[in-house]
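# Coordinates in review
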Amino acid sequence: MSTYKRKGFISGIIGSISYGLNPLFAMPMYNAGFNADSVLFYRYFFAIVIYFLWLKFYKRISLKINLQEFFCLLFLSVIFAISSLTLFQSFNYIDTGIACTILFVYPTLVMLISTIFFKEKLKKLVILSLLLTATGILMLYNGSRIALNIKGVILVLLSALSYAIYMVGVKNIKCIKHIKYDKLSFYVMLLGLSVFIFNLKFCTQLQPINSRKVLACAVCLAIFPTVISLETVNVAIKLIGASTASILGALEPLTAIFCGVIFFHESLSFKIIIGIILIITGVIMIMPKNKH
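Below you will find a few notes about this structure. Computed from a prediction, not measured in an experiment: that's the story for all the values here.

### Comments concerning the state of the cysteines
Scanning all chains against the criterion turns up one disulfide. The residue that forms a disulfide with Cys72 is Cys175, at a sulfur-sulfur distance of 2.1 Å. Here Cys72, found in helix 4 (residues 67-90), pairs with Cys175, found in the loop between helix 8 (150-172) and helix 9 (181-199); they are 103 residues apart in sequence, far enough to count as distant. On the basis of relative accessibility, which here comes to 17%, the residue Cys72 falls in the buried class. Here Cys175 falls in the buried class, since its relative accessible area comes to 13%. Cysteine Cys100 is unpaired, with the sulfur of Cys259 as its nearest cysteine sulfur at 9.0 Å. By relative accessible area, Cys100 is classed as buried at 5%. This cysteine, Cys217, is not joined by any disulfide, and Cys220 carries the nearest cysteine sulfur, 6.7 Å off.

### Thoughts on empty space enclosed by the protein
Over the atoms, a rolling probe the size of a water molecule traces out where space has been left empty. Using the criterion set out here, one finds two cavities of 30 Å³ or more in the structure. Volume-wise, the largest cavity comes out at about 50 Å³. Along the walls of the largest cavity sit Asp95, Gly97, Ile98, Ile257, Val261, Glu266, Ser267, Leu268, Ile272 and Ile276, which together make up its complete lining. Counting only elements with at least two residues in the lining of the largest cavity, the list comes to helix 5 (96-103), helix 12 (251-264) and helix 13 (270-284).

### Observations concerning the packing of aromatic side chains
Describing an aromatic ring pair means giving the distance of the ring centres and the angle of the ring planes. Applying the stated rule across the entire model yields 19 aromatic pairs. Relative to Phe71, the ring of Phe70 has its centre 5.3 Å away and its plane inclined at 75°; by these criteria the two rings are edge-to-face. Residue classification places Phe70 among the partly exposed residues on the basis of a relative accessible area of 30%. Pairing Phe186 with Tyr187 gives two aromatic rings, centres 5.3 Å apart and planes at 80°, and the pair type is edge-to-face. Judged by relative accessible area, Phe186 falls into the buried class, the value being 4%.

### A word on the side chain of Thr232
Turning to its location among the elements, Thr232 is positioned in helix 10 (residues 212-240). For Thr232, the side chain forms a polar contact with the main-chain nitrogen of Gly15, separated by 3.3 Å. Within polar-contact distance, the side chain of Thr232 engages the backbone oxygen of Ile228 at 2.7 Å. Ignoring anything within four residues of it in the chain, the contact list for Thr232 reads Ser11, Gly12, Ile14 and Gly15.

### Notes on the environment of Thr226
Along the polypeptide, Thr226 turns up in helix 10. Setting aside chain neighbours within four positions, we find Thr226 in contact with Arg43, Ala47, Met189, Leu221 and Glu231. At 2.7 Å, the side chain of Thr226 and the backbone oxygen of Leu221 are in polar contact.

The rules behind the values
- Residue numbers here run from 1 along each chain, matching the order of that chain's written sequence.
- This being a predicted model, a pLDDT of at least 70 is required before a residue's local features are given, and a value of 80 or more before pairs of side-chain atoms are given or counted; all residues contribute to the totals for chains, interfaces and linings.
- Here the side-chain values reflect all heavy atoms present in the structure, with hydrogen atoms and water set aside.
- Cysteine sulfurs are considered disulfide-paired once they come within 2.5 Å of each other.
- Secondary structure follows DSSP: runs of H or I at least 4 residues long count as helices, runs of E at least 2 residues long count as strands, and numbering of each begins at the N terminus.
- Relative accessibility decides the category of a residue: with a 1.4 Å probe and only protein chains considered, values under 20% of the type maximum give buried, values over 50% give exposed, and everything between is partly exposed.
- With a 1 Å grid laid over protein atoms only, a set of points is called a cavity when a 1.4 Å probe fits there but cannot get out and a pocket when it is open yet has protein on both sides within 12 Å along at least five of seven lines; lining residues have an atom within 4 Å of a point.
- Grid points are joined across faces, edges and corners, and a volume is the space filled by probe spheres set on the points.
- Geometry of aromatic contacts follows a simple scheme: Phe, Tyr and Trp rings, the Trp one being its six-membered ring, pair when their centres are within 6.5 Å, and the pair is stacked under 30 degrees between planes, edge-to-face over 60, tilted otherwise.
- Polar contacts here mean pairs of N or O atoms no more than 3.5 Å apart (in protein, one a potential hydrogen donor and the other a potential acceptor; neighbouring residues in sequence count only if both atoms are side-chain atoms).
- What makes two residues a contact is simply this: any of their non-hydrogen atoms within 4.5 Å.

See the structure below:
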């Protein structure tokens, strides 16, 4: 494997693990009474501040963009923000580990979108992958207690679809191909913040931070599953492609499940484990093989 690809794979792994930490920092804010829009506002706001200081004073990168780039970035930013919002809203209906596992269907969606809109050949493995992931989702029904709520499932699937569109867009939209990944990440967060400002009635409904614990969670939410994850995932997409980068997302649900079981005492029955294995297997089986 070349140094170029190795950097892409390492970046994808770091990005996936970081993104899987979303529940670890979001749930304490939920427990403190915050809603999804307020949590995500603080996540994006602190991330923007951190990233701006990093790019402007450490990397000394120019943040100028033209009008065409602005509209392309605005489209990607709104799609990414919708993915964040629907995922975080799903935490109100289903366990965080299960939500992040269902989210992992997005690599298959990346393949389908690439096939439909960019004329990539649809392989039989993709169809089998869809069947396995769908079966895995059904297996997450946990006996007498409903581990899956239909509204929660729909929200996660919308999140997965939005994230898949974002990943394909980063790779294929021509007017942003020349933009460096760190500059791209900054604008995705900056413009994506507008979604939460709008939802919060231009911040008139924003819930104020009321404790050091909430502040710490908001800052950590900005650093780990946002700044670190977004930058490394964008690096991975540009170096090894959207499809391969999305496969490395297998570490996202595993990280989220670990956090959910250890820190939030979420259930993990044998049936749920089988469902998780089916979903992850269904996606890993379509992972492109390295060509030496």
